[in-house]
Amino acid sequence: MNKKLAAALSGGAVLVLALSGCSDDEGDKVGDWAKTFCDQAKPQIQKRADAHQIIISTAADSKPAEIQAADSKAFQDIADADRALAKAVDAAGAPPVENGAKVQQDAIKELNATAVAYEGLKKQVDALDPTNQQKFADGLQGVADGLTKIEKMDQNALSKLEEGELGQAMAKQPGCQKPTASVPPKTSASPQPGSTPSGKGSDPSGSGADPSKTASAKPTKTAAAGKTEE
């Protein structure tokens with residue numbers, strides 16, 4: 001039942017802060033900015049990874065009410081993390097790069113907009129009726145469709161920060177590295193190992209899960225795996 005949602009998340013609805021490359025200028029202003037931001041961003045990036053893992057690893061044969069609760073909490077956690085990331089960008093100040101002030105303001109705006117979008121998904125999930133499995137499965141499909149629409153927003157939220165010298169400096173910071181989700185998968189229907197590469201060549205969710213192999217709910221209709229992500 002959660003298969004489509006898991007596929008959408010693993011495919012692309014995640015911020016990618018683990019970048020390749022390195023900066024040649026130790027201790028420069030760009031590096032200092034990256035450290036300031038990444039130190040504040042680290043717990044939020046971890047929070048997002050854990051939320052994604054909750055959705056991906058929630059047993060597909062769990063009761064609708066359990067799936068509803070897990071997805072609702074996960075969407076709220078991602079929204080909270082995005083808002084905190086926006087504050088981290090704001091607190092770090094304009095990055096010392098060309099058009100730094102615009103880069104900063106765009107990132108703040110997009111992160112806050114993405115947070116609102118995730119809260120919208122939470123409301124959709126909360127409004128589903130878990131007492132009717134078929135209707136719940138159909139409703140969850142609608143939530144998954146909404147999630148795919150957020151993918152671009154989520155991917156683009158910090159895209160400008162991830163470019164050029166600034167992105168290279170961020171890649172050196174431990175706080176901006178791809179985290180490993182701390183939420184253990186449920187043993188009853190845990191995803192099989194694998195990875196779905198993102199546009200930047202990593203599994204940004206940190207889940208190591210192959211969404212196409214996640215079991216689907218019974219006896220409701222199976223949601224087909226969607227686009228591989230953002």
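Remember, it's a predicted structure, so these values are computed and weren't measured experimentally. (Residues numbered from 1 in each chain as written. Predicted model: local features only at pLDDT ≥ 70, side-chain atom pairs only at ≥ 80, totals over all residues. Heavy atoms only, no water.)

## Observations concerning the overall build of the chain
- What the chain contains, in helices and strands, is 6 helices and 0 strands.
- Secondary structure elements of the chain occur, N-terminal to C-terminal, as α-α-α-α-α-α.
- The 230 residues of the chain split such that 53% are buried.
- Pairs at least 24 residues apart make up 84% of the contacts formed inside the chain by residues separated by at least 6 positions. (Helix = DSSP H or I, 4+ residues; strand = E, 2+ residues; numbered from the N terminus. Buried < 20%, exposed > 50% of the residue type's maximum accessible area, 1.4 Å probe, protein only. Contact = heavy atoms within 4.5 Å.)

## Things to note about the nonpolar core
- With 23 residues, the main nonpolar core has Trp33, Phe37, Val89, Leu111, Leu158, Leu161 and Met170 as its most contacted residues.
- Of all the elements in the fold, those that place two or more residues in this core are helix H2 (29-57), helix H3 (64-92), helix H4 (100-126) and helix H6 (164-171).
- In this structure, Ile54, Ile55, Ala74 and Val143 belong to the second largest nonpolar core, which totals 20 residues. (Core = buried A, V, L, I, M, F, W, Y, C linked by side-chain atoms within 4.5 Å.)

## A word on the state of the cysteines
- On inspection of all chains with the given rule, the structure shows 1 disulfide.
- What pairs with Cys38 in a disulfide is Cys176, and their sulfur atoms sit 2.1 Å apart. Across the S-S bond of Cys38 and Cys176 the torsion is about -95°, and the bridge reads as left-handed. Here Cys38 is found in helix H2, whereas its partner Cys176 is found in the segment after H6, with 138 residues between them in sequence. Note on accessibility: Cys38 and Cys176 belong to one class, buried. (Disulfide = S-S within 2.5 Å.)

Nothing here speaks to function; it is all geometry.
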